[in-house]
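So the chains spell out like this:
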Amino acid sequence: MHVPTRLTAPARRVVRTTVGAEPLDVAEHAALVGDAAAGAVVTFAGVVRDHDHGRSVRELEYVGHPSAPDVLRDVVAEVVAGCEVDAVAVGHRVGHLAVGDVAFAVAVSAAHRGEAFAACARLVDEVKDRLPVWKHQHFADGTSEWVACP
């Protein structure tokens, strides 16, 4: 039985990329990337908040282009290839989400915290910039707006 060690190059495994309507569990993402070689596991949870620019948010709807799963897979592979990480898991929800729901989950394991934090931050930024998923906010006053929708 082979036990991974940092005496060899990081594995750079992508263990999950998902875009779907199922709820996301950040702890589950973290468990997926855990490894004997990892001294750090860093997570990010993008959570639906109850406000935006001074307005009360009731709920959100995320709508994804059919290419979103492929784009996510490509973005994650690109980021992982340039980072010293052991494993990565990333998920983004689509559909109706309530305040407090996790919309975006990222987990990264690496030998050291600096590597894990840097890779997690880069993943969050790249996915938010490039993933064709758009947010439709519904406000408490009955109005709504699309955010960053082409």
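First, a word on what this report is: a plain description of the structure on this page. (Residues numbered from 1 in each chain as written. Predicted model: local features only at pLDDT ≥ 70, side-chain atom pairs only at ≥ 80, totals over all residues. Heavy atoms only, no water.)

### Some remarks on the nonpolar core
Phase 1: With 32 residues, the main nonpolar core has Val85, Val88, Val90, Val106, Val108 and Leu123 as its most contacted residues.
Phase 2: The contacts of Val108, once residues within four sequence positions are left out, are Val33, Ala40, Val41, Val42, Val85, Ala87, Val88, Ala116, Ala119, Cys120 and Leu123. (Core = buried A, V, L, I, M, F, W, Y, C linked by side-chain atoms within 4.5 Å. Buried < 20%, exposed > 50% of the residue type's maximum accessible area, 1.4 Å probe, protein only. Contact = heavy atoms within 4.5 Å.)

### Here's the deal with the side chain of Arg93
Phase 1: By the secondary structure assignment, Arg93 is in strand E5 (residues 87-93).
Phase 2: A distance of 3.4 Å separates a polar side-chain atom of Arg93 from the backbone oxygen of Glu22. (Helix = DSSP H or I, 4+ residues; strand = E, 2+ residues; numbered from the N terminus. Polar contact = N/O pair within 3.5 Å; in protein donor to acceptor, adjacent residues only side chain to side chain.)

### Digging into helix H3 (residues 113-130)
Phase 1: If you check H3, its first and last C-alpha atoms are 25 Å apart, about what 18 residues at 1.5 Å a residue would give, namely 26 Å.
Phase 2: Elements that come into contact with the buried residues of H3 comprise strand E2 (40-47), helix H2 (68-81), E5 and strand E7 (102-110). (Expected span 1.5 Å × (residues − 1).)

### Some words on the environment of Ala89
Phase 1: Following the sequence through the fold, Ala89 ends up in strand E5.
Phase 2: Along the sequence, Ala89 and Val41 sit 48 residues apart, while their C-alpha atoms lie 11 Å from each other.
Phase 3: Ala89 has contacts with Val15, Arg16, His29, Leu32, Val33, Ala105, Val106 and Ala107, leaving out every residue within four places of it along the chain.

### Notes on unusual backbone geometry
Excluding glycine, most residues fall at negative phi; most peptide bonds, likewise, are trans.
Phase 1: A positive phi is found at Arg12, a non-glycine position, where the angle reads about 50°.
Phase 2: Positionally, Arg12 belongs in the segment before strand E1 (13-20).
Phase 3: The backbone of His53 sits at a positive phi, close to 50°, despite the residue not being glycine.
Phase 4: Mapped onto the elements of the fold, His53 is located in the loop between strand E3 (51-52) and strand E4 (55-64).

### Observations regarding the environment of Val33
Phase 1: Relative to the helices and strands, Val33 resides in helix H1 (residues 26-33).
Phase 2: For the pair formed by Val33 and Val15, sequence separation is 18 residues and the distance between their alpha carbons is 7.0 Å.
Phase 3: Those residues in contact with Val33, other than ones at most four positions away along the chain, are Arg13, Val15, Val41, Ala87, Val88, Ala89, Ala107, Val108 and Ser109.

### Regarding the side chain of Ser109
Phase 1: Of note, Ser109 is situated in strand E7.
Phase 2: Among all residues touching Ser109, those that are not within four sequence positions of it are Val33, Ala38, Ala40, Val41, Val85, Asp86 and Ala87.

### Looking at the sheet that holds E5
Phase 1: Strand order in the open sheet formed by 4 strands is E1-E5-E7-E2, and the pairing between neighbours is mixed. A strand with exactly one partner marks an edge of an open sheet, and here the two such strands are E1 and E2. Strand-to-strand twist of the sheet, defined as the mean angle between neighbouring strand axes without regard to direction, takes the value 5°.
Phase 2: Of the strand pairs in this sheet, E2 and E7 are connected by 8 bridges, and their pairing is antiparallel. When the bridges of E7 are listed, Thr43 appears paired with Ala107.
Phase 3: With respect to the sheet, H2 is in contact with E1 and E5, its orientation differing from that of E1 by roughly 150°.
Phase 4: On the sheet, H3 packs against E2, E5 and E7 and is oriented at approximately 145° with respect to E7. (Pairing = 2+ DSSP bridges. Axes fitted to C-alpha atoms, helices over the stretch in contact; angles between N-to-C directions.)

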